[in-house]
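Listed here are the chains, written in short residue letters.
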Amino acid sequence: MSRLVVVSNRVGNLSNPAQTGGLAVAISEAIKGRGGIWFGWDGVTDDSGDGSATIDTVGSVQTILNPIPAADYEAFYLGFANSVIWPLFHYRSDLVRFQQDFYEGYLRVNEQFANALMPHLKSDDLVWIHDYHFLSMGTYLRNLGCDARMGYFLHIPFPGPDLLAALPNHAGFIEDLLQYDVVGFQTSADVANFKRCVEEFTSAETDETGLIRFHDRTCVAERFPIGIDVDAFQEMAASKAEADFIHSVKLNLVAEKQMIGVDRLDYSKGIPARFQAFSQMLNRYPEMSKKVSFLQIAPPSREDIGAYAEIREELERLSGTINGTHADFDWTPIRYIHRSVSRDRLAAMLRASEVGLVTPMRDGMNLVAKEFVAAQDPEDPGVLVLSRFAGAAEEMPEALMVNPFDIDEMAEMFYQALNMPLEERKERHHALFDRIRRYDVKAWQESFLEALTSPREWAEKHAVR
Ligand code: ADP
Ligand code: G6P
């Protein structure tokens, strides 16, 4: 079996049970089973060292942490990755802050990561590069003579040509992606958008099996929806120690029912609209007062970027206003926790909730939707309320679907979710659970690596068009 080399900007801490962010959570779970190298960054900037990487071994995984100097952190991470690509690919072109030095920093870090990775590679490795931080790394690796099979997976949405055209050198980025043997996306809409961009911005040709031919290379572009480790999450959710903790918390609360939201504090997650819809539901159905409370867990994220600081302030204001309007001596409608919690506790909290709110304005997949389903008691499951703009919507049609731009509709759906009869809850949960189990994190890794091992055969077998 070929050695697996995973590259991602954020390298998860394999021994930390409280990490947040879908990429680190999913890769930790995928790589633990198979072993290999995990190469990337640990989130710390370093101008004092000699720039050399830190190598560590955890079980069968070797982690290689490549330091980023403070100037590159600003231009590459805060700048091009998170103030240009992230907002644009989440359909928030109004938040894009383009500067030429951001673009230069992005390319510089992609090149530096390729230079630092190259000495570790063997020609029969399977190299799997992740996410929007490294669109161009494949080109630099190929220029260095890397002939290993190289795949790329994008965890966030991929926009169509109209939107992508706002990205400086957009055609160059598409050509960079065509240097990979396999390019994977979360949804079929993302694949279709990518193919439209290939057609519009490059001279590449697509053959009858769906292989994209560009100069001397071929590339498979397909959908590989990411999943979770269902059994492990289910087990954590049912842990006795956490159940005792939650029972003691619930004894102090008046409300019978709990709605829950768990998201990095990001403007893409639709948290303010969710708060407003909750308030609207309380206005419209006063009998729900004291019957329901809403727990929002939202750890800080990318706080050095203005748009993230603004969303934090907005939420603090909103939760204060809503609690000020509706609270009583013995009831707090919204409990808002601004930090990360251990995965055990998170799983148990999801299980103890009657309704899970996953209402992003736009999201690549959203693992929390799958975690909520995995955590439920199948005999008395909670209801998932899911935005149609989450990648997960494609695979989870039995959730209560909402349009997060329509606060009135969301308020109505929250009420319906809280009052759904047991039989209907069980039916919906059963269908959702079956699907997240079939397409779990192992299936995601295996199907991607199968395609990467033999891309042409894979394309012929699947005849992707
Ligand atoms: P994103 O990747 O955009 O953050 P996802 O929903 O795909 O969104 O993944 C988020 C991951 O981070 C999930 O596994 C979730 O359980 C985890 N997470 C989010 N918030 C917290 C928190 N407060 N504490 C612990 N884990 C969290
Ligand atoms: C999303 C992105 C990941 C990123 C994570 C956390 O899941 O797709 O690439 O790692 O958010 O964000 P951060 O900026 O803290 O790495």
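Rules used in this analysis
- Residues numbered from 1 in each chain as written.
- Chains lettered and ligands numbered in written order.
- Predicted model: local features only at pLDDT ≥ 70, side-chain atom pairs only at ≥ 80, totals over all residues.
- UniProt positions renumbered as here; feature names shortened; annotations may be inferred.
- Helix = DSSP H or I, 4+ residues; strand = E, 2+ residues; numbered from the N terminus.
- Buried ≥ 20, exposed ≤ 12 C-beta atoms within 10 Å, placed from the backbone.
- pLDDT = per-residue confidence, 0-100.
- Pairing = 2+ DSSP bridges.
- Expected span 1.5 Å × (residues − 1).
- Arc of directions from axis to C-beta.
- Contact = placed C-beta atoms within 7 Å.
- Core = buried A, V, L, I, M, F, W, Y, C linked by C-beta atoms within 7 Å.
- Near = placed C-beta within 6 Å.
- Nonpolar A, V, L, I, M, F, W, Y, C, P; charged D, E, K, R; others polar.
- Axes fitted to C-alpha atoms, helices over the stretch in contact; angles between N-to-C directions.

- As named in an unreviewed UniProt entry, the protein chain is Trehalose-6-phosphate synthase, taken from Tianweitania aestuarii.
- Comment text from UniProt for the protein chain, heading Sequence similarities (unreviewed entry), reads "Belongs to the glycosyltransferase 20 family."

**Points about the environment of Gly22**
At step 1: Along the chain, Gly22 falls in helix α1 (residues 22-34).
At step 2: A residue is classified by how many C-beta atoms lie within 10 Å of it, and Gly22, with 21 of them, is buried.
At step 3: Between the C-alpha atoms of Gly22 and Met365, which are 343 residues apart in sequence, the distance is 8.7 Å.

**Some thoughts on the confidence of the model for the protein chain**
The predicted structure's coordinates, where accompanied by low pLDDT, should not be read in detail.
At step 1: In this model, the protein chain carries an average pLDDT of 94, and 99% of its residues clear a pLDDT of 70 or more.
At step 2: Predicted complex, confidence summary: ipTM 0.99, pTM 0.97.

**Comments concerning the sheet that holds strand β6 (residues 149-153)**
At step 1: Read across the open sheet, the 10 strands follow the order β3-β4-β2-β1-β5-β6-β7-β10-β9-β8; overall the sheet is mixed. Because the sheet does not close on itself, it has two edges, and the strands there are β3 (54-58) and β8 (205-206).
At step 2: In this structure, β6 lies alongside strand β7 (residues 182-185), joined through 3 bridges in parallel fashion. When the sheet's bridge partners are listed, Gly151 is paired in β7 with Val182.

**What about unusual backbone geometry?**
At step 1: Here the phi dihedral of His215 falls at roughly 50°; this positive angle occurs in a residue that is not glycine.
At step 2: Note on placement: His215 falls in the loop between β9 (212-214) and β10 (217-223).
At step 3: The phi dihedral of Lys290 is positive, around 65°, even though this residue is not glycine.
At step 4: Tracing the chain through its elements places Lys290 in the loop between α10 (271-284) and β12 (292-297).

**Some points on helix α11 (residues 306-326)**
At step 1: Here α11 is 21 residues long and its end C-alpha atoms lie 30 Å apart, about the 30 Å a rise of 1.5 Å per residue gives.
At step 2: Turning to α11, its buried residues number three or more, namely Ile311, Leu315, Leu318, Ser319 and Ile322. End-on, the buried residues of α11 take up no more than an arc of 100°, which puts them together on one face. Across from the buried face of α11, at angles greater than 90 degrees, the exposed residues are Gly306, Glu310, Glu313, Glu316, Arg317, Gly320 and Gly324.
At step 3: Buried residues along α11 sit in contact with α10 and β13 (334-337).

**Details of the nonpolar core**
At step 1: Core analysis: the biggest nonpolar cluster contains 147 residues, and Val5, Val6, Leu384, Val385, Leu386 and Phe414 have the highest contact counts within it.
At step 2: When residues of this core are assigned to their parent elements, the largest contribution, 11 residues, is made by helix α2 (residues 70-89).

**Concerning the site of ligand 2**
At step 1: The environment of ligand 2 is formed by Arg10, Gly21, Gly22, Leu23, Ala24, Asp131, His155, Ile156, Ser301 and Arg302.
At step 2: Residues of the shell around ligand 2, tallied by class, amount to 3 nonpolar, 4 polar and 3 charged.

**So, the pairing of strand β4 (residues 61-65)**
At step 1: Sheet analysis places strand β2 (residues 36-41) next to β4, joined by 5 bridges and oriented parallel. Within β4, the residue paired with Trp38 across the bridge is Thr63.
At step 2: Bridge analysis of β3 against β4 gives 5 bridges, and the strand direction is antiparallel. The partner of Thr54 across the bridge, within β4, is Leu65.
At step 3: What sits between β3 and β4 in their antiparallel hairpin is a turn of 2 residues, with Gly59 showing a positive phi close to 60°.

**A short note on helix α7 (residues 188-201)**
At step 1: For α7, spanning 14 residues, the distance from its first C-alpha to its last is 20 Å, which sits close to the expected 20 Å at 1.5 Å a residue.
At step 2: In this structure, the buried residues of α7 make contact with α5 (161-164), α6 (170-177), β7, β9 and β10.

**With respect to the sheet that holds strand β14 (residues 355-358)**
At step 1: Within the open sheet, the 6 strands sit side by side as β13-β12-β11-β14-β15-β16. Their pairing is parallel. Only two strands of the sheet have a single partner each, and these edge strands are β13 and β16 (400-402). Neighbour-to-neighbour, the strand axes of this sheet turn through a mean angle of 20°, independent of strand direction.
At step 2: Bridge count for strand β11 (residues 257-262) against β12 is 6 bridges, and the pairing is parallel. Residue pairing for β12: Val262 is matched across the bridge by Ile297.
At step 3: In this fold helix α14 (residues 407-418) packs onto β11, β12, β14, β15 (383-387) and β16, with an angle of close to 170° to the strand it touches most, β16.

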